[in-house]
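Here's the letter readout for the chains.
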Amino acid sequence: MLRQPMNSRYHKQELFGPIGTQGQARIAAARVLVCGCGALGSVVAEQLVRAGTGLVRIVDRDFVDLSNLQRQMLFDEEDVAQQMPKAIAAEKKLRRINSEIEIEGVVADVSPTTIGELADGVDVIVDGTDNFETRFLLNDYALEHGLPWVHGGCIASYGQVMAIVPGKTPCYRCVVSEPPEAGMGLTCDTAGVIGPAVNVIASLEVSLALQIITGELVTSPASLWHIDVWRGEFRKLDLSALVEEGCPACRDGRRDWLRGTRGASSAVMCGRNSVQITPGGVVKVSLEELKQQWAGMGEVTGNAFLVRLQPKDVEGVSLTVFRDGRGVVQGTEDVGVAKSVYGRFVGG
């Protein structure tokens, strides 16, 4: 057996028995989709890249904001100043960390119309999202295609992690049957979030992803981990009983979010005092034309990926538009106000 030199990139990882050289070869051949590149996603993406994962595809709909820097480890003040999309900023940083693997940054919203292309050819999906609707969509897609995925969520000082292997474990909808009603769940706007919690939860997600890739899922797959880093509490919940219970998704075969019968075209963005507006159908926007249309309406800035308007007659609100027609209205969490701003400056 060919031994790696002591100073090789992955030598220490290969010394870990459950991975070894064979496991490292599997990691090198693996293709992983990281959905969301905020707090959890940026840590997940970096660890997967450093581990030598063959392809890491990072999809995120948002751009870097100053409020992100407290916990989103891949970004810096220059990214804020340049209004860089998170997926692009992450790709550039990660290419400097590991040039031996494929890294794809995709600026897009994960939706029923995009998930198929985004997840095409991947072996594992890892959750870096910040909302229930996208998680239900990932769950539907994973069940439909027999694709394992790792769920993680984090808020305040605590979070949860579980591996979902279709046909072998309870699915996400077994555990969370329905999204909470608007205003009923905690958000990072109301409860905050601290960096240490993010790092612990994301690290556990990567550990489960690597176990799936290497075929060494030794952590009981029918389990949900709940961790509170402030209180120093670690709880492992046995979910095996849920395998026998009825579930509209994994038992009855319903794909409500994948089929588009559930889900919204607008969403309040966690921690941003912002609302995303997603137009129906396939839309392509000319950013240059939009800049020209907005001339005289306020301060207009942007880059190759987006254009932003600070309207001079709408105090405290800004509008950012991406090439796929999505708009992010900052300065409000009122969906009606956001739709009005979008309709006025972009159109219906």
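To start, this report covers the structure provided alongside it. (Residues numbered from 1 in each chain as written. Predicted model: local features only at pLDDT ≥ 70, side-chain atom pairs only at ≥ 80, totals over all residues. Heavy atoms only, no water.)

**So, the packing of aromatic side chains**
Quick note on the threshold: We call Phe, Tyr and Trp rings a pair once their centres come within 6.5 Å, taking the six-membered ring for Trp, and we label the pair stacked below 30 degrees between planes, edge-to-face above 60, and tilted otherwise. Strands here mean DSSP runs of E at least two residues long; helices mean DSSP runs of H or I at least four residues long; both are numbered from the N terminus. Only protein chains enter the area calculation, which uses a 1.4 Å probe; residues under 20% of their type maximum are buried, those over 50% are exposed, and those in between are partly exposed. A ring is scored as having a charge over it whenever the NZ atom of a lysine or the CZ atom of an arginine sits within 6 Å of its centre and within 35 degrees of its normal.
This structure, assessed with the given rule, holds 4 aromatic pairs. Ring geometry for Phe 136 against Trp 257: centres 4.4 Å apart, planes inclined by 15°, an arrangement best described as stacked. Highlighted residues: Phe 136 in helix H7 (residues 132-145) and Trp 257 in the loop between strand E8 (233-238) and strand E9 (266-269), separated in sequence by 121 residues. Taking the relative accessible area as the measure of exposure, Trp 257 reaches 3% and is therefore buried. Cluster of aromatic residues (ring-pair linked, three or more members): Phe 136, Trp 149, Tyr 172 and Trp 257. If you follow Arg 326 out to its NZ or CZ, it ends over the ring of Phe 322, 4.3 Å from the centre.

**A closer look at the sheet that holds strand E1 (residues 31-35)**
Our working definition: By definition, two strands form a pair when at least two bridges between them are found by DSSP. Fitted lines through C-alpha atoms give the axes, limited to the stretch in contact for helices. The angle between two N-to-C directions lies from 0 to 180 degrees. By the convention used here, residues are in contact when the closest approach between their heavy atoms is within 4.5 Å.
The 8 strands lie next to each other as E3-E2-E1-E4-E5-E6-E7-E8, forming an open sheet whose pairing is mixed. Because the sheet does not close on itself, it has two edges, and the strands there are strand E3 (102-107) and E8. Looking at each pair of strands side by side, their axes are set apart by 15° on average, direction ignored. Packing against the sheet, helix H5 (residues 86-97) makes contact with strand E2 (55-60) and E3, and its axis sits at approximately 165° to E3. This element, H7, spans E1, strand E4 (124-127), strand E5 (149-155) and strand E6 (158-164) of the sheet and lies at about 170° to E5.

Any functional reading would require information beyond the geometric quantities listed.
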